[in-house]
Amino acid sequence: MTGNGLWARFRRAENPPSVQCEQRGVVLAVRGLAAGYNGQRAIEGFTFDVHAGERIGIVGPNGAGKSTLFKALVGLLPHQGTISILGASCRESHAMVAYVPQHEEIDLNFPATVWDVVMMGRARQIGYILPPRKRDRLAVRAALERVGMWALRKRPIGQLSGGQRRRVFVARALAQQASVLLLDEPFSGVDTTAEGDIFQVLDVLREEGVAVLLATHNLAQAATHYDKLMLISGGRMIAFGAPEQIYTPENLARTFGERIALWREGEQYVVVADRPCHAETHTP
Amino acid sequence: MIGWAMWLAAGGWWSAWLERLDAWLIAPLRYPLLARSMEAAVIVGVVSGVVGTFVVVRGMAFFGDALAHAILPGVAFAYQRAEGKTDGLFWGGLVAGVLSALGIGWLTRHERVREDTAIGVVFAAMFALGIAMISRVNNYAGDLSHILFGQILGVSPADLRLIAGFGAAVLVVVALFFKEFMIISFDLALARTLRLPVELFRLLLLVLIAVTIVVSLQTVGIALMVALLVTPAATASLVTHRLLPMMGVSAFLGAAASVIGFYISFHQDIATGPAIVLTATAFFLATFGVQQVRSMWAGWRGVSSATVEAATRTE
């Protein structure tokens, strides 16, 4: 078999090369983004750059505008300001934003298998009219293997558990081979093992130069697992930068109110809030 | 040798059966009018089975029913103009159907009006307008019942050409944009993320449903149209878990119901539309019943019903 033969392509898809990404260009440039529902602004004043391979945690209380920000970035909401998406990552990826919503608004009785759902993410690469080609099938397979759902590819989407379905939708976003990936609360309803799996996938994506924006409310975890953090409150960006720079008492107070404290004890970040349910520790 | 002798002895019995088969199945088709009607019924069964798949998975049964009623003004207008020529009805229905479909698509674009509310308002008004127009004609009741309940035996060669042509066009469009229709039906958020022209495909689908309804007008008529769109696809959804096989099964069931219903109609002297619809309903009830019995049987044997359901469906 030659280097460009089907078998070689198949092997590449199965074992993605761990190329260290030289290119650290901007893949997502946002300027003065404002968006909302029914004419009412829910978020405004968002200006930031995302570089290839960056993993950014979007942190804020409920109703801060995390989901609204994602929906605006992906084109689900009418918005003002500019969003520039560039395909600047190392591997073959498309100038496109892939999005995994917090709640999939789908009909669980829809006649589609796991395979069908992930293949839907390839629609742009397949193009109109044409049927899926070999490379699309390989991409779907690779995406399903990465999230550990290959064995269940023939299972109807309605017969999966919530966590399994979440992984299928992550696989679909991977199959899109977008340059930016948005994950809205991917860890809600997912057990710790699956959480680890998702972080493993994210590590591979970082090497491939795919930028990942991930909404979370786990402050302690956010402090250790992300390159940069964005604090959001009341529809505005409070701070954006490396965790140690922006986790200041002032920023946290502005984001969550006065009632939260976070400090580092050796290897651990400790978060303490008024309400006991917010107290959590995390080991990096 | 004994085999041959038995075959000869059974010959009389066998040929009697052949004759009966001939009288039942072949004889009706010797009349060109009936053969045409049969062809029309099969085309209608396949096309409405395919398009009906989207109607069922998108939960558009009410839309289908209402759109069928909304084409009445167009049909009535053409009926008053064309002196007994039925292909005029087709064009009248087509114009009214496509306009109504686009109208409802436009009204529900921004979700300011709930979709079922908009459908109820627009389509009841259109139906009333159609009845009002027909009521000015002399033999009002008879004409209205032909349009409402279908008059398959009136399929002219020109009608058949229109039915075949537009039916084929619908199938081609579905085949070309199957993937896109599937995505906008399953996950609107993904469709928008992929920057597909969602509105365009949604309107195209509504137009396809309108064309299917007009194609089926002569077979089952306005009032029973929704059964042809929904029942075969609903039956198919019971036996398969993927969209494309569901579409195939639905098309097959639609065609089978059309053929069987057509023969029952011919031999039992029942109106064709109801015969086809009742046959399709029988398919549905039989499939549903078999699955219920199987899951009950599995329940007695201590197997969870979900396992059996998975096993009885094909991949």
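Residues numbered from 1 in each chain as written. Chains lettered and ligands numbered in written order. Predicted model: local features only at pLDDT ≥ 70, side-chain atom pairs only at ≥ 80, totals over all residues.

Focus: the overall build of chain A
- Helix and strand counts for chain A stand at 10 helices and 12 strands.
- Here chain A, with 284 residues, has 43% of them falling under the buried criterion.
- For chain A, the share of sequence-separated contacts (at least 6 apart) that also reach a separation of at least 24 residues comes to 70%. (Helix = DSSP H or I, 4+ residues; strand = E, 2+ residues; numbered from the N terminus. Buried ≥ 20, exposed ≤ 12 C-beta atoms within 10 Å, placed from the backbone. Contact = placed C-beta atoms within 7 Å.)

Observations regarding the overall build of chain B
- Each helix and strand in chain B was counted, giving 15 helices and zero strands.
- By residue count, 44% of the 315 residues in chain B fall in the buried class.
- Look at the contacts in chain B between residues 6 or more apart in sequence, and 73% of them connect residues 24 or more apart.

Describing the nonpolar core
- Ranked by size, the top nonpolar core spans 171 residues in total, and within it Val118(A), Val180(A) and Leu182(A) carry the most contacts.
- In this structure, Val180(A) is in contact with Val27(A), Leu28(A), Val50(A), Ile85(A), Val97(A), Ala211(A) and Leu213(A), ignoring residues within four places of it in sequence. (Core = buried A, V, L, I, M, F, W, Y, C linked by C-beta atoms within 7 Å.)

Concerning the sheet that holds strand β1 (residues 26–37) of chain A
Residue and element names in this part refer to chain A.
- If you walk across this open sheet you meet the three strands as β2-β1-β4, and the pairing is antiparallel. Lying at the two open borders of the sheet, with one neighbouring strand each, are β2 (40–51) and β4 (79–85). Shown here is a sheet whose adjacent strand axes are inclined to one another by a mean of 10 degrees, direction ignored.
- Here β1 pairs with β4 via six bridges, running antiparallel. From the neighbouring strand, Ala35 faces β4, where its bridge partner is His79.
- Each of β1, β2 and β4 is contacted by helix α2 (residues 66–74), which is oriented at about 70 degrees to β2, the strand it contacts most. (Pairing = 2+ DSSP bridges. Axes fitted to C-alpha atoms, helices over the stretch in contact; angles between N-to-C directions.)

What about the pairing of strand β3 (residues 55–59) of chain A?
Residue and element names in this part refer to chain A.
- Among the five residues in β3, five count as buried, and that is most of the element.
- Side chains Arg55, Gly57 and Val59 project from β3 onto one buried face, and the interleaved Ile56 and Ile58 project onto a second face that is buried too.
- Both β3 and strand β7 (residues 211–216) contribute to a ladder of five bridges, which runs parallel. When the sheet's bridge partners are listed, Val59 is paired in β7 with Thr216.
- Across four bridges, the pairing between β3 and strand β8 (residues 228–233) is parallel. What sits directly across from Gly57, in β8, is Leu229.

Remarks on the confidence of the model for chain A
Residue and element names in this part refer to chain A.
- On average, residues of chain A score 79 in pLDDT, and 78% of them are at 70 or above.
- Mean pLDDT across the elements of chain A bottoms out in helix α1 (residues 6–14) (47) and peaks in helix α3 (residues 114–120) (95).
- Confidence drops under a pLDDT of 50 for residues 9–22, and excluding neighbours within four residues, the segment shows 22 contacts in the predicted structure.
- A low-confidence stretch, residues 275–284 stays under pLDDT 50, and its non-local contacts, those more than four residues away or across chains, total 20 contacts. (pLDDT = per-residue confidence, 0-100.)

Here we look at unusual backbone geometry
- The residue Ile129(A) is not glycine, and still its phi comes out positive at about 70 degrees.
- The topology assignment puts Ile129(A) in the loop between α4 (123–126) and α5 (134–146).
- We classify Ile129(A) as exposed; it has 11 C-beta atoms within 10 Å.
- In the Ramachandran plot, Asp269(B) falls in the positive-phi region, its phi being about 60 degrees despite a non-glycine side chain.
- In this structure, Asp269(B) sits in the loop between α13 (243–268) and α14 (272–300).

Focus: the environment of Met149(A)
- Within the fold, Met149(A) resides in the loop between α5 and α6 (162–175).
- In contact with Met149(A), other than residues within four places in its own chain, are Val114(A), Leu144(A), Gln164(A), Arg167(A), Val168(A) and Ala171(A).

Some words on the interface of chain B and chain A
- Each partner contributes residues to the interface: chain B has 23 residues there, and chain A has 23 residues.
- Mapped by element, the contributors of at least two residues to the side of chain B that touches chain A are α9 (178–186), α10 (188–193) and α13 of chain B.
- Considering each element in turn, the side of chain B that touches chain A owes the most residues, five residues, to α9(B).
- Residues of the side of chain B that touches chain A, tallied by class, amount to 12 nonpolar, four polar and seven charged. (Nonpolar A, V, L, I, M, F, W, Y, C, P; charged D, E, K, R; others polar.)

What about the packing of helix α3 (residues 61–70) of chain B against helix α11 (residues 198–215) of chain B?
All names here are of chain B.
- Look at α3 against α11: their axes get within 10 Å of each other, and the N-to-C directions meet at 55 degrees. Our classification of the angle between α3 and α11 gives oblique. Read as a crossing pair, α3 and α11 show a hand that is right-handed. Listed contacts from α11 to Gly64, Leu67 and Ala68 of α3 are Ile209, Ala210 and Ile213.
- The residue inventory of the contact of α3 with α11, partitioned by class, reads five nonpolar, one polar and no charged. (Parallel < 35°, antiparallel > 145°, perpendicular 65-115°, else oblique. Left-handed = near helix turned anticlockwise from the far one by under 90°.)

Section: the packing of helix α4 (residues 72–81) of chain B against helix α6 (residues 115–134) of chain B
All names here are of chain B.
- One can describe the packing of α4 onto α6 by two numbers: an axis separation of 7 Å at closest approach and a directional angle of 20 degrees. Taken as axis vectors, α4 and α6 run roughly parallel relative to one another. Here the hand of the crossing between α4 and α6 comes out left-handed. Judged by residue contacts, Leu72, Pro73, Val75, Ala76, Phe77 and Gln80 of α4 engage Met126, Phe127, Leu129, Gly130, Ile131, Met133 and Ile134 from α6.
- Residues of the contact of α4 with α6, tallied by class, amount to 11 nonpolar, two polar and no charged.

So, α3(B)
- Where burial is concerned, most of α3(B) is hidden: eight out of the 10 residues are buried.
- The complete set of buried residues in α3(B) reads Phe63(B), Gly64(B), Asp65(B), Ala66(B), Leu67(B), Ala68(B), His69(B) and Ala70(B).

Examining the pairing of strand β6 (residues 178–184) of chain A
Residue and element names in this part refer to chain A.
- Of all seven residues in β6, seven are buried; the element is thus mostly enclosed.
- The sheet contact formed by β6 and β7 spans five bridges and is parallel. Bridge pairing in β7 links Asp184 to Ala215.

A short note on α9(B)
- Most of α9(B) sits out of view: eight of its nine residues are buried.
- Within the span of α9(B), buried status applies to Lys179(B), Glu180(B), Phe181(B), Met182(B), Ile183(B), Ile184(B), Ser185(B) and Phe186(B).

Points about the confidence of the model for chain B
- Chain-level statistics for chain B give a pLDDT mean of 85 and a share of 87% at 70 or above.
- Confidence, read as mean pLDDT per element, is least for helix α15 (residues 305–312) of chain B in chain B (54) and greatest for α9(B) (95).

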